[in-house]
Structure formats: structure tokens, C-alpha cells
Number of protein chains: 2
Amino acid sequence: MDRIRRNERLAAMTRILVEAPNRIFTLGTFCDMFGAAKSTLSEDIDILRGVFAQFHLGQLDTVTGAAGGVRYRPALAPEEAYNTVKELAQTLAVPGRVLPGGFVYMADILAMPSIVERMGTIIASHFYRAEPDFVLTMETKGIPIAMMTARALGVPMVIVRRDSKVYEGPAVNINYLSGSGSRVETMSLSRRAVHEGQRALIVDDFMRAGGTARGMVDMMREFSVTVVGICVLMATQEPVKKRLDGVKSLLVMDGIDDATGAANIHPASWLSQAAGKA
Amino acid sequence: MDRIRRNERLAAMTRILVEAPNRIFTLGTFCDMFGAAKSTLSEDIDILRGVFAQFHLGQLDTVTGAAGGVRYRPALAPEEAYNTVKELAQTLAVPGRVLPGGFVYMADILAMPSIVERMGTIIASHFYRAEPDFVLTMETKGIPIAMMTARALGVPMVIVRRDSKVYEGPAVNINYLSGSGSRVETMSLSRRAVHEGQRALIVDDFMRAGGTARGMVDMMREFSVTVVGICVLMATQEPVKKRLDGVKSLLVMDGIDDATGAANIHPASWLSQAAGKA
């Protein structure tokens, strides 16, 4: 009857769903596309859900209700998430990466789409249920990981700037305490960038005391936006008391080994616990 | 015989290929994964190639030779590329987006993963054959589109900074003429970021005279890197003579309409020609 075979439909639907993460497609969309009945497509989706689960390819959900349909959410199994983060920890821990001042060179890693995409997926997985409207980050290094988190969540990313720019229109500027808390700096966000009542997920690459993240939280208050979560790729163990609570990180850096010159970096405990490695 | 059905294999392979653009997977990888024979997988890939072509879902290629296998490249049909860029032109042309100084507010668009991903795909499609080793951009606004171009090409992105940063290690700084050519500015790139003999694709969000792009070309010369292409999301019509040749853009801005206050923005002619709209 229908001229496109199930084989072909399944492949095409997979491609379409996977390239539009967290977006709901109605069955009707696929009916039109393939000239197939809804009952046929429901069976297709049952098959796909099974395949995605079996091979740990992410989550395929059927969403019920008026705006219902089918939705793909990138996700890694807890064990795979842990292993991926652990592998990254080992890559970053090599002595040659430690720079004067105790910084770790991460720019190359933060620019690898495949690595950053997996990190963004792990972060997004943790916040799908919080339903953020956008991902907020501070220029520059946090942008790739924020972008990939936003991609997985199917929402825009919003960039806080260090200065207001002529091409961003009217902006809100606030001051915040950076570094060890002794330096006052300014951050700026375009008035058009976000709207009152929205929900923000803050994502950044690195956190020491949390001054920048604290500034972003304060900025969101100026816009009457709710912060539903804060997640960074790497946080330092010290200071234990950050300038804000409830921060998640994928990696924890616990100082530099004086003898080897290597950084002591490991996956955060919530990841190892989820994978049963604690 | 094999316990995983063709249906399921096709869906799983599609998901794996689509999330790793431009990466070659050997048939052996899939043989191990699904416990199927190479001949069976060859048939699978023939089916997939047909589906991808029929529904314009991107390019699925079989790569022959020692490092051969199968590879997915995101791509839009010329007509779809043109329509996507034209739609963006219309979105950007509304009067409310024009800011004092003739700037167009694009920050929200540059932060929408779904839009930026399609733009990155169009750019990447044009440069697959140039085989860049990385995508180079200048902070900050160009990063999302450079990231998505790099993702489609399956290569890293490299960010040129305005200043050298302690967490990027030793860096090369160069001066360049920005804006109307009267201002000398500095850009900085970490010594570790790229290697002699590599091939760079330069991607940025906006170009007027081309001073920044020219600076990036000069920077690549310092690293003995070949520039294989330069592509921006939007270039202004004026000045017609840019500071460098061979620049591609997706959008062209031809001034502001005094009467309506709207920007005059349209798809570049190479896109309309490819779509037969010229």
C-alpha cells in the first residue's frame, strides 16, 4: 500500500528526530511526509524506542496531550557518562597542561565539537525536567559547551558580555566580584536577550569561587528570570564554600601534584554515584 | 540468523552516523555492533543512501580505500539552502532590528542552535572538499556559527582572542586594522592552538571591510597554516572592495531603507544561482 517501506521510514524519522533534539514532532507531520497512517507510524515509533533503548542511543519519548507527539532527547547511560567524563579528566590531567598560576589549558578540548557535544548532552540530561527556556553563559570559553547544552535542550543560548556593544542595543550592566573577591568587574546583557518570567540554566566552563556565576544569577534577578540550575564543566575543590549553592560540575580539580606537575582532576561524585562507582 | 532486524540496524546506524558528522565508520565497526556480515551491512548502507537522497536528509557516502567506510555529511538541497537563508534575511530585515550606527541586532539569531546549525551546514557543504583541519573564528559573536560549521565538518574550532589570557599559555599576538581602517587593534592566538601545515577555514558572523578576517589570515601566516576559505554569515555590500578576496557570505546587507528604517538584506548571489533563482 504505502510506497515507502518501513525500513526507509525508520531511517528517515531517526535522522529528522536526531537533528532536532527535544523538539516534539506530531504523528501528523510524519503522516504527511511518508503518506502513512497514524497507526503505522505508532508502530514505527515503538520500534524506534526499542532500538534507542537497546543501543543506548538516547531517549525517544511519546508525549501525550494536545501538543503531543514524539521527541528525541540526547542522553548517555550513567556508566557511559561517567566513563566519558573520566576520560576527559585523564586527558586534562597531563603535566604539560598546567600553566603558571595553576590554570589548566582546556581551550583545545572546549573547541572539539564531539567532546563538547557529549558534555552538553550530559548537562542537558540532568536538566530536561527543569525545562529551561534558555542557556545562559558568559563569554568566551563557556560558549561552546553552553551552545551544545542548548542544542540538546532545543532552546536558545544567551551570552553575557564583558562590555555593552553597539550591535546589541540597550543593555543592563551589573558589577560583580571576580577572582578572589577583591576585583569588581562589569557584565552586560542586552535588554532584548531574555524576557521576564523565563527560566534560565546557567552553564560555564570553569568555576573557582563562583563570582562570575553569582553575577549571572544577579543579572537574571534584574530581568525577573528564574534560575533553574547552574552547571560548569570543571569546578575547583577549593574554596569548598562557593559564592552560591547548588552548583553542579562534571569535573572537580583538587589542586596540582607538586611532584609530577599534573593536575588532580576527577569526575564529580554525582556522576560516579549514578554509575555505581562511588 | 542475525538477531537484530534490518529495521533496527538501519535506525541505530542512522542515529550513530548523524551524531558524528563527516566521520568515517568502517563496516567492521557496525559488524561488531550488530553481529551482522559485511555483505548485509553493505546492503543496509545502500538502503540508507537511497533514503537520505530521497528525503534530502544530507549526504551518505561510501568512502573506498584502506581507511574506507561510510560517512554522513549534513547538507541542504540548493533550493532548501536558499529558502532557509532567505527566511533568515526576512527575519533580520525588520525595522526594529536596526540599531544606531546602522548595525543589525543579530545576537538572538546567532544563539538559536537550530538556525545556526543550518547556517553551519550550508557553510560546511561548500567546504567539505577543501578539507579544512579546523575552523577559525574571532571571539565572540562568530563562535556559535563557527562551532556548528566545525561540527558539520567534524573538525575542531579555534578561537582567536582579543587579548592573551593566562589560561591559554604562550600566545602569538598580531595587530590589525579594524573598522574603517583607522584603528589598530590586537588579536591573540595560543601557540598550542594550531600546527604548522594545517588547513584553516575562517568563519565569522559579520564583515564590513574585512579587517578582522584579514587579521586572521595574517595570523595564520604566522603559524604557517593554509587558509582554504573564508565565509561569513553576513557581509555588507559597501565597501565593494574588501581587504581580502574570495570571501563568501550567506547574506548581503545593502544599506538601510531611509523610509521604512528596515535593513535591505538578501541571500548572496551564489546561493540564489545554485537554487536557480538568479
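Our structure is the block above this text.
1. Focus on helix α7 (residues 211-222) of chain A
All names here are of chain A. Taking 1.5 Å of rise per residue, the 12 residues of α7 would be expected to cover 16 Å, and the 17 Å separating its terminal C-alpha atoms lies within 8% of that figure. Listed in full, the buried residues belonging to α7 are G211, A213, G215, M216, V217, M219 and M220. At its buried positions, α7 is contacted by β6 (134-138), β7 (157-160), β8 (171-178), β9 (183-190), β10 (199-207) and β11 (226-236). Immediately downstream of α7, the backbone of S224 shows phi near 50°, a positive value.

2. Considerations on the sheet that holds strand β3 (residues 69-73) of chain A
Residues and elements named next belong to chain A. The strand order β1-β3-β2 describes an open sheet built from three strands, whose pairing is antiparallel. The sheet is open, and its two edges are formed by β1 (24-25) and β2 (59-63), each paired on a single side. Bridging between β1 and β3 involves two bridges; their strand directions are antiparallel. Bridge assignment links F25 to a residue of β3, and that residue is V70. Running at roughly 65° to β3, helix α1 (residues 6-18) makes contact with β1, β2 and β3 of the sheet. The sheet strands contacting helix α3 (residues 38-54) are β2 and β3, and the helix crosses β2 at an angle near 150°.

3. Concerning the pairing of strand β13 (residues 263-267) of chain B
In this sheet, β13 of chain B lies alongside strand β12 (residues 247-256) of chain B in antiparallel orientation, the contact comprising four bridges. Residue M253 of chain B lies in a different strand from β13 of chain B, and its bridge partner there is I265 of chain B.

4. Overview of the sheet that holds strand β12 (residues 247-256) of chain A
All names here are of chain A. On the basis of which strands lie adjacent, the open sheet formed by six strands has the order β7-β6-β10-β11-β12-β13 and mixed pairing. Across the chains shown, the open sheet's two edge strands, defined by having one partner strand only, are β7 and β13 (263-267). Looking at each pair of strands side by side, their axes are set apart by 25° on average, direction ignored.

5. Comments concerning the interface of chain A and chain B
Listed by partner, the interface residues are 57 residues for chain A and 57 residues for chain B. For the chain A and chain B pair, buried surface summed over both sides reaches about 4,900 Å², with 67% attributable to carbon and sulfur atoms. Run the count over chain A and chain B and you get two salt bridges. Residues R151 of chain A and E117 of chain B are paired through a salt bridge, measuring 2.8 Å at the closest nitrogen-oxygen approach. Taken together, chain A and chain B are joined by 14 residue pairs in polar contact (both at pLDDT 80 or more). Mapped by element, the contributors of at least two residues to the side of chain A that touches chain B are α1, α2 (27-34), α3, β5 (103-104), α5 (113-127), α6 (143-153) and β7 of chain A. Broken down by element, the side of chain A that touches chain B gets its largest block of residues, 10 residues, from α1 of chain A.

Scoring rules and cut-offs
Residues numbered from 1 in each chain as written. Chains lettered and ligands numbered in written order. Predicted model: local features only at pLDDT ≥ 70, side-chain atom pairs only at ≥ 80, totals over all residues. Heavy atoms only, no water. Helix = DSSP H or I, 4+ residues; strand = E, 2+ residues; numbered from the N terminus. Expected span 1.5 Å × (residues − 1). Buried < 20%, exposed > 50% of the residue type's maximum accessible area, 1.4 Å probe, protein only. Contact = heavy atoms within 4.5 Å. Pairing = 2+ DSSP bridges. Axes fitted to C-alpha atoms, helices over the stretch in contact; angles between N-to-C directions. Buried area = accessible area lost by both parts, 1.4 Å probe. Salt bridge = Lys/Arg side-chain N within 4 Å of Asp/Glu carboxyl O. Polar contact = N/O pair within 3.5 Å; in protein donor to acceptor, adjacent residues only side chain to side chain.

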